[in-house]
Amino acid sequence: MTILACQEQKQEQESGYIVQVSLGGWHSPDYSAEQIIGRLDTVSRLIPVQKVIIGWSQDKELYRKVGAYLHEKNIRMLLWLPVFAETEEVCDNKYAVDLWGKVPTHFDPAAGEGFRFNCPSNPQNVANVVAVYDSLFSDCGFDGVFLDRIRTQSFVSGVSGVLNCGCQLCVERYAKEGVDIHEVKSLYHTKGDAFFAISSYTSIEGFKFENKVVTAFFRAKGHIVSASVVAIADSLRSRGLEIGMDLYAPFMAPFVGQDYAILTKHADFIKPMLYRQTYAPAGMGFEYDLLRKAAPSTSYPAFKMDVEFLNTQLEAIERYSCKKYPGIEVNYREDIVRTSPEYVSESVKAVLNHGFNGAVLSWNIMEAPLSHLERLPKPTPSGE
């Protein structure tokens, strides 16, 4: 094979779709290995599948069977691993609290994903995540790890969800960043929801806050949360694992402590969740509406969640050097994710028009209508 042919083959392998298989919680998986293999076989006949993100049941034999099938197809298998939430059943974690020391309310615990977050600064919380991989998954044949829940709570819990963590350890971390949490709390008591007031917005730079104390708080929050994520990512990478990261859309990421400039330097690929039809946590419109409701006296612009807005978010991530596989929802549920083949195709075409390697088809390929996949274009090598 010529050098040119080798390069073209390598680029082809680096372009394609990533699909997610949600197994449910930590215990009995929702599907058998045979069901998963059958579904992936069907899907891979429709679209080029490059990687499969799967988790996070503890059924090792399931992963070994699925992994054997995937590796025969030259498809990589990544463990879907939650970090700062959903680990209560397998770890003894320290919960995050708001700046007033209270645990924020969380989202729909009856659904099995409570979205109750743990302190990002606590070193034991960080060590626990790596220990979970080592003890439960290191011998299952994974090629990498996809880090989910790498943030704090959002406006799902109101202001309390965003103004956190406020435990003593985090207060000390903020102080090292030059932020006095007592000053932040005092400002919020004085300003009320005007605390979140902005002076401008651009898709590249995001929201510019009117008050420098608020600017400093969210900058420090991004540093603190992202530094802990980096520690986990680097530790797992030292085990020879590829690292993927689940991120909020750029315009909302600072509120949950995700600093793209830091995180992208320690990820092989990122998956910004650019969900325009999801009315649940991480849905762009859903999260933004909660922000505006939490700060009604402020002048946040009204964004229409159309393909034009999607393009602004895609432009915002172009500057980062790691591979980008934006997340596009392909599941359908009448109550929270009313997608269509047209919507999915429109979204994926926008992603590919920006020259990215592909897209993550979210968030459970086992339930995605096949009609949503039939019109998808084949990603072409970008040479990134």
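In what follows, the structure referred to is the one given above.
A short tour of the structure in this document, coming up. (Residues numbered from 1 in each chain as written. Predicted model: local features only at pLDDT ≥ 70, side-chain atom pairs only at ≥ 80, totals over all residues. Heavy atoms only, no water.)

## A closer look at the nonpolar core
For step 1, the next point in the chain: Membership of the largest hydrophobic core comes to 133 residues, with the highest contact counts inside it found for I54, L147, F196 and F255.
For step 2, the next point in the chain: Top element by residues in this core is helix α8 (residues 212-237). It accounts for twelve residues.
For step 3, the next point in the chain: With residues up to four places along the chain from it excluded, the contact list for I54 reads V21, L23, I36, L62, Y63, V66, M77, L78, L79, W80 and F142. (Core = buried A, V, L, I, M, F, W, Y, C linked by side-chain atoms within 4.5 Å. Buried < 20%, exposed > 50% of the residue type's maximum accessible area, 1.4 Å probe, protein only. Helix = DSSP H or I, 4+ residues; strand = E, 2+ residues; numbered from the N terminus. Contact = heavy atoms within 4.5 Å.)

## A word on the sheet that holds strand β7 (residues 242-247)
For step 1, the next point in the chain: Spatially, nine strands are ordered β9-β8-β7-β4-β3-β2-β1-β11-β10 in an open sheet, and the strand pairing comes out parallel. Bordering the open sheet on either side are β9 (323-324) and β10 (327-329), each of which pairs with just one other strand.
For step 2, the next point in the chain: Pairing between β7 and strand β8 (residues 269-272): four bridges, direction parallel. Residue pairing across strands places D246 opposite K271, the latter belonging to β8.
For step 3, the next point in the chain: Together, β1 (16-22) and β2 (49-55) form the strand contacts of helix α2 (residues 33-46), whose direction differs from that of β2 by roughly 155 degrees. (Pairing = 2+ DSSP bridges. Axes fitted to C-alpha atoms, helices over the stretch in contact; angles between N-to-C directions.)

## Comments concerning the packing of aromatic side chains
For step 1, the next point in the chain: Per the counting criterion, the structure on display carries 33 aromatic pairs.
For step 2, the next point in the chain: The interplanar angle of 35 degrees and the centroid separation of 6.4 Å between the aromatic rings of W26 and F137 together place this pair among those described as tilted. Here the residue W26 occupies a position in the loop between β1 and α2, and F137 occupies one in helix α4 (residues 123-137), the gap between them amounting to 111 residues.
For step 3, the next point in the chain: Residue class for W26 comes out buried when judged on its relative accessible area of 2%.
For step 4, the next point in the chain: Judged by its relative accessible area of 0%, F137 is buried.
For step 5, the next point in the chain: With centroids separated by 5.7 Å and ring planes inclined at 75 degrees, the aromatic side chains of Y188 and F195 adopt a geometry described as edge-to-face.
For step 6, the next point in the chain: For F195, a relative accessible area of 2% puts it in the buried group. (Phe/Tyr/Trp six-rings, centres within 6.5 Å; stacked < 30°, edge-to-face > 60°.)

## Overview of the pairing of strand β6 (residues 206-209)
For step 1, the next point in the chain: Relative to β6, strand β5 (residues 198-202) runs antiparallel, the two sharing four bridges. When the bridges of β6 are listed, S200 appears paired with K208.
For step 2, the next point in the chain: Here β5 hands over to β6 after three residues, the two strands then running antiparallel side by side.

## Some points on the pattern of salt bridges
For step 1, the next point in the chain: Within this structure, the stated rule accounts for 16 salt bridges.
For step 2, the next point in the chain: For E242, the salt bridge goes to R76, with nearest N and O atoms at 2.7 Å. One end of the pair, E242, is in strand β7; the other, R76, is in strand β3 (residues 76-82), and 166 residues separate them in sequence.
For step 3, the next point in the chain: Judged by its relative accessible area of 11%, E242 falls in the buried class. (Salt bridge = Lys/Arg side-chain N within 4 Å of Asp/Glu carboxyl O.)

## Here's the deal with the state of the cysteines
For step 1, the next point in the chain: For the structure on display, the rule yields zero disulfides.
For step 2, the next point in the chain: Of all cysteine sulfurs in the structure, the one in C119 sits closest to C91, which takes part in no disulfide; the separation is 14 Å. (Disulfide = S-S within 2.5 Å.)

## Section: the side chain of T264
For step 1, the next point in the chain: In this structure, T264 sits in the loop between α9 (260-263) and β8.
For step 2, the next point in the chain: Judged by its relative accessible area of 4%, T264 falls in the buried class.
For step 3, the next point in the chain: Residues within four places of T264 in sequence aside, it is in contact with I270, Y320 and C322.

## Remarks on the environment of Y260
For step 1, the next point in the chain: Mapped onto the secondary structure, Y260 falls in helix α9.
For step 2, the next point in the chain: Looking at Y260, the relative accessible area reads 6%, which means it is buried.

## Re the environment of N164
For step 1, the next point in the chain: Inspection of the secondary structure assignment puts N164 in the loop between α5 (159-162) and α6 (168-176).
For step 2, the next point in the chain: The buried category is assigned to N164, whose relative accessible area is 2%.
For step 3, the next point in the chain: Each C-alpha atom of the pair N164 and K293 lies 18 Å from the other, and the pair is 129 residues apart in sequence.
For step 4, the next point in the chain: Among residues more than four places away in sequence, those in contact with N164 are A96, V97, D98, L99, P104, T152, Q153, Y174, F217 and K221.

## As for helix α12 (residues 341-353)
For step 1, the next point in the chain: The end-to-end C-alpha distance of α12, which contains 13 residues, comes to 18 Å, matching closely the 18 Å that a straight helix rising 1.5 Å per residue would cover.
For step 2, the next point in the chain: Every buried residue belonging to α12 is among P341, Y343, V344, S345, S347, V348, A350, V351 and L352, and all of these are buried.
For step 3, the next point in the chain: Taken together, the buried residues of α12 touch β1, α11 (307-317), β10 and β11 (358-362).
For step 4, the next point in the chain: G355 occupies a position one or two residues after α12 and carries a positive phi of about 80 degrees. (Expected span 1.5 Å × (residues − 1).)

## Quick notes on α4
For step 1, the next point in the chain: Taking 1.5 Å of rise per residue, 15 residues should cover 21 Å, and α4 covers 21 Å from first to last C-alpha, within 8% of that figure.
For step 2, the next point in the chain: Here α4 has its buried residues at N125, V126, N128, V129, V130, V132, Y133, L136 and F137.
For step 3, the next point in the chain: Contacts made by the buried residues of α4 are with α3 (60-72), β3, β4 (144-148) and α8.
For step 4, the next point in the chain: One side-chain oxygen at the N-terminal end of α4 lies 2.9 Å from the backbone nitrogen of Q124; it belongs to N122. (Polar contact = N/O pair within 3.5 Å; in protein donor to acceptor, adjacent residues only side chain to side chain.)

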